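What the coordinates show
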Amino acid sequence: MTIRRSRDVPALVGAAREGDPRAVARLISLVEDGDEALPRIAAALAPHTGQAAVIGLTGSPGVGKSTTTNELVAAFRKAGRRVGVLAVDPSSPFTGGAILGDRVRMQDHATDPGVYIRSMSSRGHLGGLSAATPQAARVLDGAGCDPVVVETVGVGQAEVEIAGLADTTVVLLAPGMGDSVQAAKAGVLEIADVFVVNKADRDGADATYRDIQGMIGLGERAPGQWRPRVVRCVAARGEGIDELVEAIDAHRAYLRDSGELATRRVRRAEAEVEAIALGTLRARMKDLRRGDALEALARDVAEGRTDPYAAADALLAQLG
């Protein structure tokens, strides 16, 4: 079997389960391309998913996300864990391609069979992820990776979509990257389970640490609810990574013991199902656009024979 071009789903899933990186790569490529085999891939992976801890890393450009990811992978590998990494890079508005620099920064693990790293282009998708990221994470989960680390684009304060995908969301901040309290106002504080003050050897790190602790203290939490941890790191020197792993593992234990893990995964599944259903509806809408139905309804609205709500109802009836 030539894995590079194969659509033999059972064989690909079997090979991926055995750790074949080419099979994993082929499955993720089919996912990214929206291949017609995607439903069969999802069905074949389903019995093997739900085991991996999904860890999301986000933060503004320059805070050290890729360096921190690299060090986290090393720590997980030292503990004997098989690790999957999805690094989402911004895509070019002209070609749709991406620099995919994260893979370059993680060359330390390029020859390690226990690490699978996939750089993905966002392809213009907003929210810091690629539209294919959730299904790609399922592939890595089904292939036996635990944890799966997802690093977002990190192009501003709107990268909060990761919270819907990850079990544990890690938000990186660094001194000298702007007002840390202002950064926390745009939704980042609400999604973070663990904060990392990276480059903690720089001037202003103590102030950043205090600011985040103060913001956390202002938040309202029910008794027993998780209080976000704040960890100081110098990822470029590997300092503070053990403490970060400990915080991530502590949050994982909290999720499991409190029942929140199951709740989060149901919400994640709801979002996945909704996204797939909406994608199917968009495809059907495109088919209608190729015919005369939409144009005829639009003409009726434009000439006052009907209203847009009635026309929309008529269009939805045809979709059924």
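Residues numbered from 1 in each chain as written. Predicted model: local features only at pLDDT ≥ 70, side-chain atom pairs only at ≥ 80, totals over all residues. Heavy atoms only, no water.

Things to note about the sheet that holds strand β7 (residues 229–232)
Spatially, 7 strands are ordered β3-β2-β4-β1-β5-β6-β7 in an open sheet, and the strand pairing comes out parallel. Of all strands in the sheet, those bounded by a partner on one side alone are β3 (115–121) and β7. In this sheet, neighbouring strand axes are inclined to one another by 20 degrees on average, regardless of whether the strands run parallel or antiparallel. With 4 bridges connecting them, strand β6 (residues 194–197) and β7 associate as parallel partners. Residue pairing in the sheet places V196 in a bridge with V231 of β7. (Pairing = 2+ DSSP bridges. Helix = DSSP H or I, 4+ residues; strand = E, 2+ residues; numbered from the N terminus. Axes fitted to C-alpha atoms, helices over the stretch in contact; angles between N-to-C directions.)

Some remarks on empty space enclosed by the protein
Enumeration over the complete set of coordinates arrives at 2 cavities of 30 Å³ or more. If you add up the space inside the second largest cavity, you get close to 40 Å³. In this structure, the second largest cavity is lined by V31, L38, I41, A42, L45, Q135, R138 and V139. Secondary structure elements with two or more residues in the lining of the second largest cavity: α3 (38–45) and α6 (133–142). (1 Å grid on protein atoms, 1.4 Å probe; cavity = no way out; pocket = protein on both sides within 12 Å on 5 of 7 lines; lining within 4 Å. Points joined across faces, edges and corners; volume = space filled by probe spheres on them.)

Digging into the environment of M285
Note on placement: M285 falls in helix α12 (residues 260–290). Overall, M285 belongs to the partly exposed group, its relative accessible area being 26%. Taking the C-alpha atoms as reference points, M285 and Q318, separated by 33 residues in sequence, lie 9.8 Å from one another. With sequence-adjacent residues up to four places away left out, M285 is seen in contact with L315 and L319. (Buried < 20%, exposed > 50% of the residue type's maximum accessible area, 1.4 Å probe, protein only. Contact = heavy atoms within 4.5 Å.)

A few points about helix α4 (residues 65–78)
Here α4 is 14 residues long and its end C-alpha atoms lie 20 Å apart, about the 20 Å a rise of 1.5 Å per residue gives. Residues of α4 that are buried include every one of K65, S66, T68, T69, N70, L72, V73 and F76, and no others. After α4 finishes, the residue G80 shows a positive phi value of roughly 85 degrees. (Expected span 1.5 Å × (residues − 1).)

Considerations on the packing of aromatic side chains
In this structure the tally under the stated criterion is 1 aromatic pair. Note on W226 and Y254: the rings are 5.7 Å apart at their centroids and 35 degrees apart in plane angle, and the pair reads as tilted. With W226 in the loop between α10 (205–218) and β7 and Y254 in helix α11 (residues 241–258), this pair connects stretches of sequence that are 28 residues apart. When the ring centre of Y209 is taken as reference, the NZ or CZ atom of R232 above it lies at 3.8 Å. (Phe/Tyr/Trp six-rings, centres within 6.5 Å; stacked < 30°, edge-to-face > 60°. Lys NZ or Arg CZ within 6 Å of the ring centre and 35° of its normal.)

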